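Structural overview
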Amino acid sequence: MAPIETNTESRTIAVLVDNEPGVLARVIGLFSGRGYNIESLTVTEVDVAHGLSRITVVTSGTAQILEQIKAQLGRLVPVHRVRDLSIEGSSVERELALIKVAGAGDKRVEALRIADIFRARVVDSSHDHFVFEMTGKSDKLDVFVDLMQPLGLIDVSRTGVVAISRGPKAL
Amino acid sequence: MATEQFTGAEIVIKALKDQGVDTVFGYPGGAVLPIYDAIFKQNDIKHILVRQEGGAVHAAEGYARSTGKVGVVLVTSGPGATNAVTGLTDALLDSIPLICLTGQVPTHLIGNDAFQEADTTGITRPCTKHNYLVRDIENLSRTMHEAFYVAQNGRPGPVVIDLPKDVQQGKSETYLAPEEVKHRSYRPKVNGEQEHIKEAVELIANAKRPLFYVGGGVINSGDHASEVLTELVRLTGAPCTTTLMGLGAYPGTDKQFVGMLGMHGTYEANLAMYNCDVMINIGARFDDRITGVISKFSPGSKKIHIDIDASSINKNVMVDLPIVGDAGRVVEEMLRLWKEEKRSIESRALKVWWNEIKEWRSKDCLGYSQEDSIIKPQHAIKRLYELTKDRKPYVTTEVGQHQMWAAQYFHFDEPKKWMTSGGLGTMGYGLPAAVGAQIAHHDDLVIDVSGEASFMMNMQELGTIAQYNLPVKIFIVNNQWMGMVRQWQQLLHGNRHSESYSDALPDFVKLAESFGLVGMRCEKAEDLDRMLQEMIDCPHPVLFDCRVAKEENCYPMIPSGAGHNEMLLGPEDVAEKPISEEGMVLV
Ligand SMILES: Cc1ncc(C[n+]2csc(CCOP(=O)(O)OP(=O)(O)O)c2C)c(N)n1
Ligand SMILES: [Mg+2]
C-alpha cells in the first residue's frame, strides 16, 4: 500500500458543464458536502450555441484528495470534462480586481503612483476617490491590495481566477 | 409528426410504459392528482398504494433489487417529497436504480412558499444521483427517458423528477421515444483498459495467497457478472469473500466461499483479508465496515480494484492496479484471458494458503450452543434458513443484530435474493422492501428478517400487505432491545443502557390480526421448527413474533479502531481487548 500523503498543494481545475439550473449548486454542494476547499470559483457560459458553461475552481488538498475531487466532479451527470490545469501542461491564470481607494492629499498621489507601477487603470474617480481596475495573477493583486490598505482602501471586488491552457489545444 | 396532443400526466405514463415499467409505488396528494387521474384511465401500469412515502421508496428498492429493473416511485409535493428523502439516500448509498416522481406546486408559485411547496430539487440534490425540475412540458418526455438512462447506467442510483402541477396539466404534441433521446454528457466508461486487465491476470496467476473480495457492484452489473465471476474464481481455485451488499454474487454454499468479511464477517474471511498477497476487489468500495482501521487493513497485499465509479478508487484505500469499468465486462475479459493463456496459480502455494484458511475456519466463529428452551437468536435465524433454503427465498432485513445474524446464517447461491440496507443502515427498510420484492415475485417466498424496534419504524406497511394480500413472512427476532445499540453501549459506554430498551411493545399477534394477517408467537426452542414450518406453509401474510434470548450479542466483531487481525470472537474477548481511544470516536 502506498504511504499516505500529507502534503497539500493548490490546483486550478477547469470544468466544462451543461449550463442548466442547479449545476453550480451541484458543484458547490459537492465541495461543501465532502469537506473540500474552495479557494476561488468562477463560472459563466462560454458556448451559447451548445449551452456550455465553464467553471474554474482553485482548490487545495493532498494528492489523494485532489484526485478524489476530480473523480467526484467527473461523475456529476451534467459534467462534460474535467481538466487539471496545474498539472496537465502549463496554463495562464488571471484574475481581475476593482479596487476603491478614498482620500485626499499625499495618500491620493501615492495611490496613483503605485497604481501606475502596477499598471492598474483608473476606471472611476472624483476629488476624493479612485476606482482602479487591475488584471493579473492573484498574488500580484494581493500585493496591490496590501499596498492600498494604508492609502485609503475602502472596497475590493475580485473575480476569482480564470485559467486556460497554453498551446494550440482546447479543453 | 403526430398531431395528437398529450397532457403532461399522459406523457409521464406513456414514458413509463415505453421504459417497460409495470409497477409504481406511491401515495397521492394535491400536486400529483393529474398523474393519478392518468393512472386511473389505463391498465398497463399497476399502482401499489403504500401507507407512507418512505415505504414507497423502500418498496421500489426491494422491487429493483429483486428484479434488476428500475424501481419507480410517485409522491406528492412538500411532505410527500420530504418523506421520500430517507429512501432516496438509502438508494444512493446502496446504488439502487430508482425514479422518484414528485409533484410540485405550479411553476408560477415556485418560490412563494405556496401550500405544500418544498424545494425538492434543492433538498434531494445531495441524496440523488441526479435530479430534474421540469418547467416546460416540451422537455418532459426527454427528461423522463434521460432520467431512466442516468438511473441505470454507470453506478446506478436514484433520480428525482420534480413535476409542477401546471406541467402535468399542460398539453403538448411533443413526445420523444426512448431511442430518440441521447444524453448530452453522461457516458460512463464500461470497458476496462485492456493493459490493466492483462496485468491483473498476471498478478493473480503469480499470487501465493490470493483473495477475491466481491461487492454489490457485481450484483448491479447483472446476473452475467455473477456467472463469469463464479467461473473465474473456480478456475483460479482462490478463496472468495463478499461484502454485505455482495452476498449472493458468489454462491454462498460453495467451498471456496469463506463467508462475508468486515465488522461482523467471519474470522476466516477477515484473516484471509489481513494475510492475502493479492486482493481482487470487484465492485466493492472499501467501506469502513469492511476495512476496519485503514492502517491495519490488508497490509501486505497488492490490490486490484475493479469499479465502474472512478471516484471509488483510492478514496479510502490506495490500490496498486485500478480498473475503471463494468464488473461483468471486466471479469469476462479476465476470464477469457485466463483461459486463453491457460493460466493457473501455483498449486503448492495455494494448498498452503488453503490450509491456513482451514485452520481459521476450524475456529467455527459462528458456532453457538442452543441448550435450553430459550431460543438463541442465531438458532432462530439458522433454522429459518435451513427450513426455507429449498424455496430459494427473497430475504430482506431491517437494521441491527438480526441483520448481521441473517447475513451470517443465511447463504445465498444466487444474486438478487438478499436485500438489506447496507450503506445507510436504515431501520424500517426491510418491511417495505419485502413488499416490493413480493409484488415483483408473487409466487415466491419473501421473508423480512426483522427486529422488534426496526419493525415499528415502518409497521404501517402492514396495511399495504393486507390490501394486496402479499404473503410476506415477517420474522421478528424479538429480543426486546435495540440489540445493536445495547451491544455498543456494552462495548463503549460502560454497559450503561441509555434508552435502548424496547419498552411498551404491542402484542404482535393481535397487531397482525387487527390488519387481517396471521399472527404467531414462538417462545420455546422445542416449538420453533414446527411453528416455522407452519409459517412457511401459510399462504397468507404472517407476522411471527419470535421471542429470543435477550442478552445475546453479535460476534465475531472487529471493534472500532481495530484491524482484521484483532477480532473479538465472543464476550470473553471483550474484557481482554478494550476499545482504543481512536476507536471510541468512530461509529
Ligand atoms: C432509522 C434509524 N435510526 C437509528 C438507527 C440506529 N440503530 C442501529 S441498530 C438499532 C437497534 C435496532 O433494534 P432492533 O430492530 O430491535 O434490532 P436488534 O439489534 O435488536 O436485532 C438502532 C437504533 C438506525 N440504524 N436507523
Ligand atoms: Mg431488538
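Residues numbered from 1 in each chain as written. Chains lettered and ligands numbered in written order. Predicted model: local features only at pLDDT ≥ 70, side-chain atom pairs only at ≥ 80, totals over all residues. Heavy atoms only, no water.

Quick look at the overall build of chain A now. Across its full length, chain A holds four helices and nine strands. In chain A, the succession of helices and strands from N to C terminus is β-α-β-β-α-β-β-α-β-β-α-β-β. With the principal axes as the frame, chain A shows a C-alpha extent of 60 × 45 × 35 Å. Contacts in chain A between residues far apart in sequence, at least 24 positions, make up 72% of those at least 6 positions apart. Here chain A displays about 9,100 Å² of accessible surface, and carbon together with sulfur accounts for 53% of that area. Side-chain charges in chain A split into 20 positive and 22 negative, and the spacing between the mean points of these groups amounts to 4 Å. (Helix = DSSP H or I, 4+ residues; strand = E, 2+ residues; numbered from the N terminus. Contact = heavy atoms within 4.5 Å. Areas by Shrake-Rupley, 256 points an atom, 1.4 Å probe, with all protein chains shown as cover. Lys, Arg positive; Asp, Glu negative; His and termini not counted. Charge placed at Lys NZ, Arg CZ, Asp CG, Glu CD.)

Here the focus is the site of ligand 1. Residue and element names in this part refer to chain B. Around ligand 1, the structure places 17 residues, and the nearest of them are Gln401, Gly425, Ser454, Trp481 and Gly483. One of the backbone nitrogen or oxygen atoms of alanine 453 is found 3.2 Å away from an oxygen atom of ligand 1. In this structure, tryptophan 481 approaches ligand 1 through a main-chain N or O atom, which is 2.8 Å from an oxygen atom. With the chains in place, 77% of the 590 Å² that ligand 1 exposes on its own is no longer accessible. In the shell around ligand 1, the residues fall into eight nonpolar, eight polar and one charged. (Near = heavy atom within 4 Å. Polar contact = N/O pair within 3.5 Å; in protein donor to acceptor, adjacent residues only side chain to side chain. Nonpolar A, V, L, I, M, F, W, Y, C, P; charged D, E, K, R; others polar.)

A word on the interface of chain B and chain A. In this assembly, 23 residues from chain B lie in contact with 19 residues from chain A. For the pair chain B and chain A, the two sides together bury roughly 1,700 Å², of which 52% comes from carbon and sulfur. Looking only at chain B, the three residues that lose the most surface to chain A are Arg125(B), Arg184(B) and Met318(B), adding up to 33% of its buried area. Between Arg75(A) and Asp309(B) there is a salt bridge whose closest N-O contact spans 2.6 Å. Taken together, the connections running from chain B to chain A amount to 10 residue pairs in polar contact (both at pLDDT 80 or more). Considering only residue class, the side of chain B that touches chain A consists of eight nonpolar, eight polar and seven charged. (Buried area = accessible area lost by both parts, 1.4 Å probe. Salt bridge = Lys/Arg side-chain N within 4 Å of Asp/Glu carboxyl O.)

Residues and elements named next belong to chain B. For chain B, the domain assignment lists domain 1 (6-180), domain 2 (194-361) and domain 3 (377-547). Just the C-alpha atoms count here: the centres of domain 2 and domain 3 sit 31 Å apart. Between domain 2 and domain 3, the contact holds 16 residues from the first and 18 residues from the second. Summing the contributions of domain 2 and of domain 3, the shared interface buries around 1,400 Å²; its carbon and sulfur component is 62%. Counting across the domain 2 and domain 3 interface gives one salt bridge. With its nearest N and O atoms 2.8 Å apart, the salt bridge here joins lysine 416 to aspartate 223. Inspection of the domain 2/domain 3 interface yields six residue pairs in polar contact (both at pLDDT 80 or more). Taken together, the residues of the side of domain 2 that touches domain 3 sort by class into eight nonpolar, five polar and three charged. (Domains from an automatic or database assignment.)

Quick look at the coordination of the magnesium ion (ligand 2) now. For a metal bound by four donors in a tetrahedral arrangement, the ideal donor-metal-donor angle is 109.5 degrees, while six donors in an octahedral arrangement ideally sit at 90 or 180 degrees. Those donors, Glu452(B) (OE), Glu452(B) (OE), Asn479(B) (OD1) and Trp481(B) (O), are the protein atoms that reach the magnesium ion (ligand 2), and they lie 2.1 to 2.7 Å from it. Here the magnesium ion (ligand 2) binds six donor atoms, and the angle range of 51 to 174° at the metal identifies the geometry as irregular. (Donors = N, O, S within 2.8 Å, 3.2 Å for Na, K, Ca; no water. Tetrahedral: all angles 85-135°; square planar, octahedral: opposite > 155°, others 65-115°.)

Residue and element names in this part refer to chain B. Spatially, 3-2-4-5-7-6 is the arrangement adopted by the six strands of the open sheet, whose pairing is parallel. Looking along the sheet, the strands with just one partner apiece sit at the ends: strand 3 (46-49) and strand 6 (130-133). Across the sheet, the axes of successive neighbouring strands diverge by a mean angle of 20°, strand direction being ignored. Pairing analysis gives seven bridges linking strand 5 (residues 98-104) to strand 7 (residues 158-164), with the strands arranged parallel. Bridging across to strand 7, glycine 103 finds its partner in leucine 163. Against the sheet, helix 3 (residues 53-67) engages strand 2 (23-26), strand 4 (71-75) and strand 5, with an angle of about 165° to strand 4. Along the sheet, helix 5 (residues 85-93) makes contact with strand 5 and strand 7, crossing strand 7 at roughly 145°. (Pairing = 2+ DSSP bridges. Axes fitted to C-alpha atoms, helices over the stretch in contact; angles between N-to-C directions.)

So, on to the packing of aromatic side chains. Aromatic ring pairs: the centre-centre distance and the angle between the two ring planes describe each pair. If you walk through the whole model with that rule in mind, you get 18 aromatic pairs over all chains. When the centroid spacing of 5.8 Å and the interplanar angle of 85° are considered together, the rings of Phe132(A) and Phe144(A) count as edge-to-face. Taken together, the residues span a long stretch of sequence, with Phe132(A) in strand 7 (residues 129-136) and Phe144(A) in helix 4 (residues 138-148) at a distance of 12 residues. With 5.9 Å between their ring centres and 85° between their planes, Tyr368(B) and Tyr409(B) make a pair best called edge-to-face. Pair noted here: Tyr368(B) is in the loop between helix 15 (347-361) and helix 16 (377-388) and Tyr409(B) is in helix 17 (residues 401-409), with a separation of 41 residues, a long-range link. For Tyr368(B), a relative accessible area of 24% puts it in the partly exposed group. (Phe/Tyr/Trp six-rings, centres within 6.5 Å; stacked < 30°, edge-to-face > 60°. Buried < 20%, exposed > 50% of the residue type's maximum accessible area, 1.4 Å probe, protein only.)

With that settled, the discussion passes to the packing of helix 3 of chain B against helix 18 (residues 430-440) of chain B. Axes are the key here: two packed helices are described by the angle between their axes and the distance separating the axes. All names here are of chain B. At their nearest, the axes of helix 3 and helix 18 sit 6 Å apart, and the two run at 45° to each other. Viewed along their axes, helix 3 and helix 18 adopt a mutual orientation that is oblique. The hand of the helix 3/helix 18 crossing is right-handed. Note on element contacts: helix 18 touches helix 3 through Pro432, Ala433, Val435, Gly436, Ala437 and Ala440, opposite Gly55, His58, Ala59, Gly62, Tyr63, Ser66 and Thr67. Of the residues belonging to the contact of helix 3 with helix 18, the class tally is seven nonpolar, six polar and no charged. (Parallel < 35°, antiparallel > 145°, perpendicular 65-115°, else oblique. Left-handed = near helix turned anticlockwise from the far one by under 90°.)

Moving on: a nonpolar patch on the surface. Residues and elements named next belong to chain A. Side chains of Leu24, Ile28, Ile38 and Val43 sit close together on the surface and give an oily, nonpolar patch of about 270 Å² of accessible area. Looking at where leucine 24 falls in the secondary structure, it is placed in helix 1 (residues 23-33). Looking at leucine 24, the relative accessible area reads 31%, which means it is partly exposed. (Patch = residues over 30% accessible without salt bridge, like charges linked within 9 Å, V, L, I, M, F, W, Y side chains within 5 Å.)

All right, on to the environment of Gln401(B) then. Residues and elements named next belong to chain B. Summarising the element assignment, glutamine 401 is placed in helix 17. Judged by its relative accessible area of 2%, glutamine 401 is buried. In this structure the C-alpha to C-alpha distance between glutamine 401 and tyrosine 555, which are 154 residues apart in sequence, comes to 9.5 Å. In this structure glutamine 401 touches Asn479, Gly483, Met484, Arg486, Gln487, Glu552, Asn553 and Cys554, once residues within four positions along its chain are discounted. From its side chain, glutamine 401 meets the backbone oxygen of glutamate 552 in a polar contact 3.3 Å long.

What follows is about the confidence of the model for chain B. In the predicted model, chain B carries a mean pLDDT of 97, and the fraction of residues at 70 or more is 100%. Listed scores for the predicted complex are pTM 0.97 and ipTM 0.94. (pLDDT = per-residue confidence, 0-100.)

A word on the side chain of Asp545(B). All names here are of chain B. Positionally, aspartate 545 belongs in strand 20 (residues 542-547). A relative accessible area of 0% places aspartate 545 in the buried class. Contacts of aspartate 545, omitting those with residues within four sequence positions, involve Ile476, Asn478, Phe508, Met520, Arg521 and Cys522.

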